[in-house]
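Structure assessment
Okay, here's what each chain looks like letter by letter:
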Amino acid sequence: MGHRYRQFSVEERCEIARLRTQGVSIRQIAAGLDRAPSSIARELKRNSGAGGGYKPTYAQQQARARRWSGSRLDRDGGLRHQVLRQLMAGWSPEQIAGRSRHGIGTETIYRFIYAQVTRHNDFSWRHYLPRSKFRRGRRARRGGSPALHMSHRICLTQRPAEVAGRLVPGHWEADLMAFSRYGQNLLILHERMSRSLIGAYLPSKQAQPVAQAIAATLSALPQSLRRTVTFDNGTEFARHYDLNAIGIQTFFCDPHAPWQKGGIENAIGRMRRFLPRKTDLATIDHATLVALIAAYNNTPRKCLDWKTPAEVCSEQMLHFKRESTSRPPPG
């Protein structure tokens, strides 16, 4: 049984070019590279330039171009029309590949769409894809969650049971509201009982400025209204333990489980109506941001029996003042 043919490497092509310019014969080149003389002769014939000279870079390009026959969707117009029609109907590449009788793969569809964006410099092609991304994101690798490297991380299962019931004030959820312009983020804090919202600009997404912003925002509240904060596993919350100094306990959701802090996820979704991702935060001054958050806090909520978060928060503060100013009973 014969040996399977293997393509020439760049190093081998460089050696062929060097020996050829020295006048070494094909049989001698073949012996030096442990190749068949016919393989060397074929390489020189197929991949030499128009002037007859053999250049390793040009030979490598020619060989690569000869092996690539183009995307299957480029070559098959009927299949291309079918795939694009299904994409426009809202199917994902994975769904199309799963139902396809032609054996087309998910990656083939993605590569074809992004190749059209590059080839034609036309970003409208990305609208064929479900999320219309400008480029493919990297898939998370198993075991790569930041939760594995978070210092002093306490899992959500160890959080006080009273937090889940939403009957005791002072338990918060925190997250960042990101925008398309690089470096623009808002810190969003959501109180679980009242559903009230606090927002603040962030000078940086680094862990220490984020922790300082949370501490500065919550430290003005009475201790009874700043008991715990729950985070996801973003590295921007790596300095969460700094909040322990002002009496706040910190807890983290399980990896890839943002629904465990669904209150703030819902709140950010509502704020997106007024601050979509494409918003330039540089055009939103502090007064406008305060007004937008006030509008959120003064909107009635069914879960609050049609009270507003601001009304429930005011009741909490009033209750706190009554407790703090009441005289102790006589001994």
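Look a little higher up for the structure.
A short tour of the structure in this document, coming up. (Residues numbered from 1 in each chain as written. Predicted model: local features only at pLDDT ≥ 70, side-chain atom pairs only at ≥ 80, totals over all residues. Heavy atoms only, no water.)

Topic: the overall build of the protein
- When its secondary structure is counted, the protein shows 13 helices and five strands.
- Counting the 331 residues in the protein, one finds 39% classified as buried.
- Long-range contacts, defined here as pairs at least 24 residues apart, represent 55% of the contacts in the protein between residues at least 6 apart.
- Within the structure as shown, the protein displays about 20,600 Å² of accessible surface, and the carbon and sulfur contribution to it stands at 52%. (Helix = DSSP H or I, 4+ residues; strand = E, 2+ residues; numbered from the N terminus. Buried < 20%, exposed > 50% of the residue type's maximum accessible area, 1.4 Å probe, protein only. Contact = heavy atoms within 4.5 Å. Areas by Shrake-Rupley, 256 points an atom, 1.4 Å probe, with all protein chains shown as cover.)

As for helix H12 (residues 286-297)
- For H12, with 12 residues, the first-to-last C-alpha span of 16 Å sits near the 16 Å given by 1.5 Å per residue.
- Looking only at H12, the buried set comprises Leu-289, Leu-292, Ile-293, Tyr-296 and Asn-297. All buried residues of H12 lie within an arc of 140° about the axis, which places them on one face of the element. (Expected span 1.5 Å × (residues − 1). Arc of directions from axis to C-beta.)

Structural notes on the state of the cysteines
- If you walk through the whole model with that rule in mind, you get zero disulfides.
- Cys-155 supplies the cysteine sulfur nearest to Cys-253, a cysteine that is in no disulfide, at a spacing of 8.8 Å.
- For Cys-253, a relative accessible area of 1% corresponds to the buried category. (Disulfide = S-S within 2.5 Å.)

Things to note about helix H1 (residues 10-21)
- With 12 residues, H1 extends 17 Å from end C-alpha to end C-alpha; this agrees with the ideal 16 Å at 1.5 Å per step.
- Those residues of H1 not exposed but buried are Glu-12, Arg-13, Ile-16, Ala-17 and Leu-19.
- Gly-23, located one to two residues past H1, shows a positive phi value of around 85°.

Focus: the packing of aromatic side chains
- Tallying each qualifying case throughout the model produces four aromatic pairs.
- On the basis of an interplanar angle of 85° and a centroid distance of 6.0 Å, the ring pair of Phe-112 and Trp-125 is categorised as edge-to-face. Of this pair, Phe-112 sits in helix H8 (residues 106-120) while Trp-125 sits in the loop between H8 and helix H9 (161-165), and the two are 13 residues apart along the sequence. Just as Phe-112 is buried, Trp-125 falls in that class too.
- Seen in terms of ring centroids, Trp-125 and Tyr-128 are 5.3 Å apart; in terms of plane orientation they differ by 40°. Their pairing is tilted. (Phe/Tyr/Trp six-rings, centres within 6.5 Å; stacked < 30°, edge-to-face > 60°.)

Details of the sheet that holds strand E4 (residues 228-231)
- The sheet built from five strands is open, its strands ordered E3-E2-E1-E4-E5 with mixed pairing. Of all strands in the sheet, those with a lone pairing partner are strand E3 (197-201) and strand E5 (249-252), marking the two edges. Mean inter-strand twist for the sheet, computed between neighbouring axes without regard to direction, equals 25°.
- Packing against the sheet, helix H11 (residues 262-271) makes contact with strand E1 (171-178), strand E2 (185-191) and E3, and its axis sits at approximately 40° to E1.
- Its contacts with the sheet place H12 against E2 and E3, and it is angled at close to 165° to E3. (Pairing = 2+ DSSP bridges. Axes fitted to C-alpha atoms, helices over the stretch in contact; angles between N-to-C directions.)

Some thoughts on the packing of helix H6 (residues 77-88) against H8
- Contact geometry for H6 and H8: axes closest at 12 Å, N-to-C directions at 90°. Here H8 runs roughly perpendicular to H6, going by the angle between their axes. On H8, the residues that touch Arg-80, Val-83, Leu-84 and Leu-87 of H6 are Ile-109, Phe-112 and Ile-113.
- For the contact of H6 with H8, the per-class residue count stands at six nonpolar, no polar and one charged. (Parallel < 35°, antiparallel > 145°, perpendicular 65-115°, else oblique. Nonpolar A, V, L, I, M, F, W, Y, C, P; charged D, E, K, R; others polar.)

Some thoughts on the nonpolar core
- Leu-187, Leu-189, Ile-214, Leu-218, Val-229, Phe-231 and Phe-237 are the most contacted members of the largest nonpolar core, which has 17 residues in total.
- Counting residues per element, this core draws most heavily on helix H10 (residues 207-218), at four residues.
- The residues contacting Leu-218, other than those within four sequence positions of it, are Trp-172, Leu-189, Arg-226, Val-229 and Ile-248. (Core = buried A, V, L, I, M, F, W, Y, C linked by side-chain atoms within 4.5 Å.)

Focus on the packing of H1 against helix H2 (residues 26-33)
- Running from N to C, H1 and H2 point in directions that differ by 145°, and their axes come no closer than 10 Å. Crossing hand, H1 versus H2: right-handed. Of the residues in H2, those touching H1 at Glu-12, Glu-15, Ile-16, Leu-19 and Arg-20 are Ile-26, Ile-29 and Leu-33.
- Looking at side-chain class alone, the contact of H1 with H2 contains five nonpolar, no polar and three charged residues. (Left-handed = near helix turned anticlockwise from the far one by under 90°.)

Quick word on empty space enclosed by the protein
- Under the criterion given, the structure shown has one cavity of 30 Å³ or more.
- Reported here for the largest cavity is a volume of approximately 40 Å³.
- Along its surface, the largest cavity is lined by Ala-207, Val-210, Ala-211, Ile-214, Phe-231, Glu-236, Phe-237, Arg-239, His-240 and Leu-243.
- In terms of residues, the lining of the largest cavity owes the most to one element, H10, which gives four residues. (1 Å grid on protein atoms, 1.4 Å probe; cavity = no way out; pocket = protein on both sides within 12 Å on 5 of 7 lines; lining within 4 Å. Points joined across faces, edges and corners; volume = space filled by probe spheres on them.)

Any link to function would need more than the numbers given here.
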